[in-house]
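Tertiary structure, described
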Amino acid sequence: MTNTQNTKNILSIAGSDPSGGAGIQADLKSIAATGGYGMAAISALTAQNTRGVRSVHVPPAGFLTEQLNAVSEDIAIDAIKIGMLANAEVINELGQWLAGIRSAGTGAPAVVLDPVMVATSGDRLLDAESDAALRRLFCHTDVITPNIPELAVLARAEMATDWETAVVQARGLAAEYGVMVLAKGGHLESASCRDGLIDSDGVILSVASPRQYTPNTHGTGCSLSAALATCYARTGDWGSALLNAKSWLAGAISRADELSVGSGHGPINHFASLWDGVRPAHPGDPMAQWWQKIAAIRTGIDELDFIRALKDGSLAREHFEDYLGQDALYLRTYSQVMSRASALAPDTESQRFWAASASSCLEEELALHRGRLAERVPEPSTTTTAYLNHLKASANNYPVLIAAILPCFWIYQDTGSRLAAANRQDHPYADWLTSYSSVEFDAATAAAIDITRTVHQGADESTRTAMWRAFEASSLHELAFFDQTAAPATSRDSSAGEPVAAG
Ligand SMILES: Nc1ncnc2c1ncn2[C@@H]1O[C@H](COP(=O)(O)OP(=O)(O)OP(=O)(O)O)[C@@H](O)[C@H]1O
Ligand SMILES: Cc1ncc(COP(=O)(O)O)c(N)n1
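Basis of the calculations
Residues numbered from 1 in each chain as written. Chains lettered and ligands numbered in written order. Predicted model: local features only at pLDDT ≥ 70, side-chain atom pairs only at ≥ 80, totals over all residues. Near = placed C-beta within 6 Å. Helix = DSSP H or I, 4+ residues; strand = E, 2+ residues; numbered from the N terminus. Nonpolar A, V, L, I, M, F, W, Y, C, P; charged D, E, K, R; others polar. Axes fitted to C-alpha atoms, helices over the stretch in contact; angles between N-to-C directions. Parallel < 35°, antiparallel > 145°, perpendicular 65-115°, else oblique. Left-handed = near helix turned anticlockwise from the far one by under 90°. Contact = placed C-beta atoms within 7 Å. Pairing = 2+ DSSP bridges. Core = buried A, V, L, I, M, F, W, Y, C linked by C-beta atoms within 7 Å. Buried ≥ 20, exposed ≤ 12 C-beta atoms within 10 Å, placed from the backbone. Expected span 1.5 Å × (residues − 1). Arc of directions from axis to C-beta. Right-handed = clockwise from strand over helix to strand, strands pointing away.

Focus: the site of ligand 1
Looking at ligand 1, there are 20 residues lining it, with Asn147, Lys184, Gly186, Cys193 and Gly221 nearest. At the level of secondary structure, the elements contributing two or more residues to the shell around ligand 1 comprise β8 (192-199), α7 (220-235) and α8 (238-254). Looking at the shell around ligand 1, the element that brings in the most residues is α7, giving 4 residues.

Structure follows, in structure tokens:
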């Protein structure tokens, strides 16, 4: 059966975690969060919570096949994610079903296998005698996603303590079984968490995100593999799928502590970015109200030809460079007004935040622009000048100044998260899209909102009104700024962007 629609149907074959953080529950959330329609066939039931697994019940293996047949005889499956399998009988039953469905050739679903052996809590989820059966399943899969301990078991080696060793083990495994291996660095002791897609020739693509220091990482492996299957079904490219899945996962882990689920290893925040758009952080939160009041401006930005063309990669290179030139000019003054905010800030924390933001704005952003623009910085347009004049006019009043500064953070972060979701390995502006969707930028935006909220709370009514006006005016300037570059669709210049996070 073939799916002729644009929406993709993703089947999770995994165990149930009633606390909702791992297993099919995590898979369904991850599939939905990354844009797929989720289905689930349950291989085992666990009684577990964030503190550990109490017991496991495995229904008769034949009943898994009944579930799988019921789904596949009615619904076109675009990709499959496999998680906990409990024992060899279940694995063998699944192997037979997979062999049948994969023999269909064209239109056969892609398969991502997360070889779940031991839970974060240390409890076994696959019995010790099932090793050989699990290995026999590899020939029915496209990608396997072992963590560092699982990789060592499968590679029959000592546990890797560095990334290079993990790559060697993954490469050996890929050669032995003719599959791609997604090696995951979550269990290494490095400051960043690197994951790499590896085949028998070596690393196809690797991507890193900053390590989050949180106990709430229950189900990260389940979530990543389900997101990878979904993103592959949507893009048809494993490299793009990894970039998109990892970018989404990094955001979900960075926002895990906003949930309050259990006292052990809590879940990640699968829908954090969706919830930002649909509900205020606190009912009556003035920042959420401001955000709501500029909804039409935000929609206007999303619908601009420039944004659409930037998103799908059809933006002409000269128009992209026009935009970068104006942006470089803008950022130079934007950095100055943030330094001014630092000078006016009433407390050390805010002073530090604005100074650090001014500095990284100058260093990182201008370096990116100058590298691409090769020092060709143009004259400011009237649109850019108008925006900068508005910022400078606010520079004597701290509350009004930070309200004027905020939209550049917030709108860029929000727009950037959607642009990043459309990113793919061969996107001509891939590195640009990636740079505006980082965990660090998300955190800086959240901090800028928090500072502005606190100042707003302590302000009198007329200052609050002036703050809102400054925020709204900057939001309109943002719209005009994005709209100033003409953006008719052209042929794609795929040499324009460097690959993201390769190697
Ligand atoms: N503390 C962290 N901060 C950021 N990313 C992390 C962190 N821990 C894990 N990751 C990421 O989460 C994904 C899962 O990695 P990990 O190596 O932990 O797999 P796992 O052990 O199978 O996961 P699980 O915790 O579900 O068992 C990878 O993309 C990894 O880079
Ligand atoms: C049903 C089920 N599947 C997978 C895991 C692994 O997830 P984690 O390693 O995060 O505990 C789990 N705990 N439960």
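Resuming the write-up.
So, the site of ligand 2
Lining the immediate environment of ligand 2, one finds 17 residues, of which Gly15, Ala22, Gly23, Ala119 and Thr120 sit closest. Sorting the residues of the shell around ligand 2 by element identifies β1 (9-16) and α7 as the ones contributing at least two each. Take the shell around ligand 2: its biggest share by element is 3 residues, from β1. Of the residues assigned to the shell around ligand 2, the class counts are 7 nonpolar, 9 polar and 1 charged.

Focus on the packing of α8 against helix α18 (residues 439-457)
Here α8 crosses α18 at 40°, and the two axes come no closer than 10 Å. By the angle class used here, α8 and α18 are oblique. Where α8 crosses over α18, the two elements pack in a sense that is right-handed. In this structure, α8 uses Ala250, Gly251 and Ser254 to contact α18, whose residues at the interface are Val439, Asp442 and Ala443. Within the contact of α8 with α18, the residues separate by chemical class into 3 nonpolar, 2 polar and 1 charged.

What about the sheet that holds strand β7 (residues 180-184)?
Taken together, the 9 strands give an open sheet; going across it, the order is β3-β2-β1-β4-β5-β6-β7-β8-β9, and neighbouring strands pair in mixed fashion. Edge positions in the sheet fall to β3 (52-57) and β9 (202-210), since each has one partner strand and no second. Bridge analysis of strand β6 (residues 143-144) against β7 gives 2 bridges, and the strand direction is parallel. Bridge pairing links isoleucine 144 to valine 181 in β7. Helix α1 (residues 23-33) rests against β1, β2 (37-49) and β4 (79-82) of the sheet, and its axis sits at about 155° to β1. With respect to the sheet, α7 is in contact with β1, β4, β5 (110-113), β6 and β7, its orientation differing from that of β4 by roughly 170°.

Let's talk about the nonpolar core
Among the nonpolar cores identified, the biggest contains 82 residues, and Met180, Val181, Leu228, Ala229, Tyr232, Leu242 and Ala245 are the most heavily contacted of them. Counting residues per element, this core draws most heavily on α8, which supplies 10 residues. In this structure alanine 245 touches Thr34, Leu224, Ala227, Leu228 and Cys231, once residues within four positions along its chain are discounted. One finds Val400, Ala404, Leu433 and Val455 within the second-largest nonpolar core, a separate group that totals 50 residues.

A closer look at the environment of alanine 32
Structurally, alanine 32 can be placed in helix α1. Sequence separation between alanine 32 and threonine 230 is 198 residues, and the spatial gap between their C-alpha atoms is 8.8 Å.

Considerations on the pairing of β8
β8 sits mainly inside the fold: 6 of its 8 residues count as buried. Pairing of β7 with β8 involves 4 bridges; the strand directions are antiparallel. Paired with valine 181 across the bridge in β8 is isoleucine 198. Alignment of β8 against β9, held across 8 bridges, turns out to be antiparallel. Bridge pairing in β9 places aspartate 195 opposite valine 207.

So, α7
An ideal rise of 1.5 Å per residue puts 22 Å on 16 residues; α7 measures up with 22 Å between its terminal C-alpha atoms. In terms of residue burial, α7 counts as a mostly covered element, since 15 of its 16 residues are buried. Glycine 236 sits one or two residues past α7 and shows a positive phi near 70°.

Description of helix α2 (residues 61-72)
The end-to-end C-alpha separation of α2 is 17 Å, in line with the 16 Å expected for 12 residues at 1.5 Å each. Within α2 the residues assigned to the buried category are Leu64, Leu68 and Ser72. Looking straight down α2, one finds its buried side chains confined to an arc of 60°; they lie on one side. Seen from the open side of α2, the exposed residues pointing more than 90 degrees away from its buried face are Gly62, Glu66 and Ala70. The inward-facing, buried residues of α2 contact β2 and α3 (88-102).

Looking at the pairing of β5
Where burial is concerned, the two faces of β5 agree: the one with Ala110 and Val112 and the one with Val111 and Leu113 are both buried. Where β4 and β5 come together, 4 bridges link them in parallel fashion. For isoleucine 82, the partnering residue across the bridge sits in β5 and is leucine 113. Bridge count for β5 against β6 is 2 bridges, and the pairing is parallel. For valine 112, the partnering residue across the bridge sits in β6 and is valine 143. As a crossover connection, the stretch from β5 through helix α4 (residues 131-137) into β6 is right-handed.

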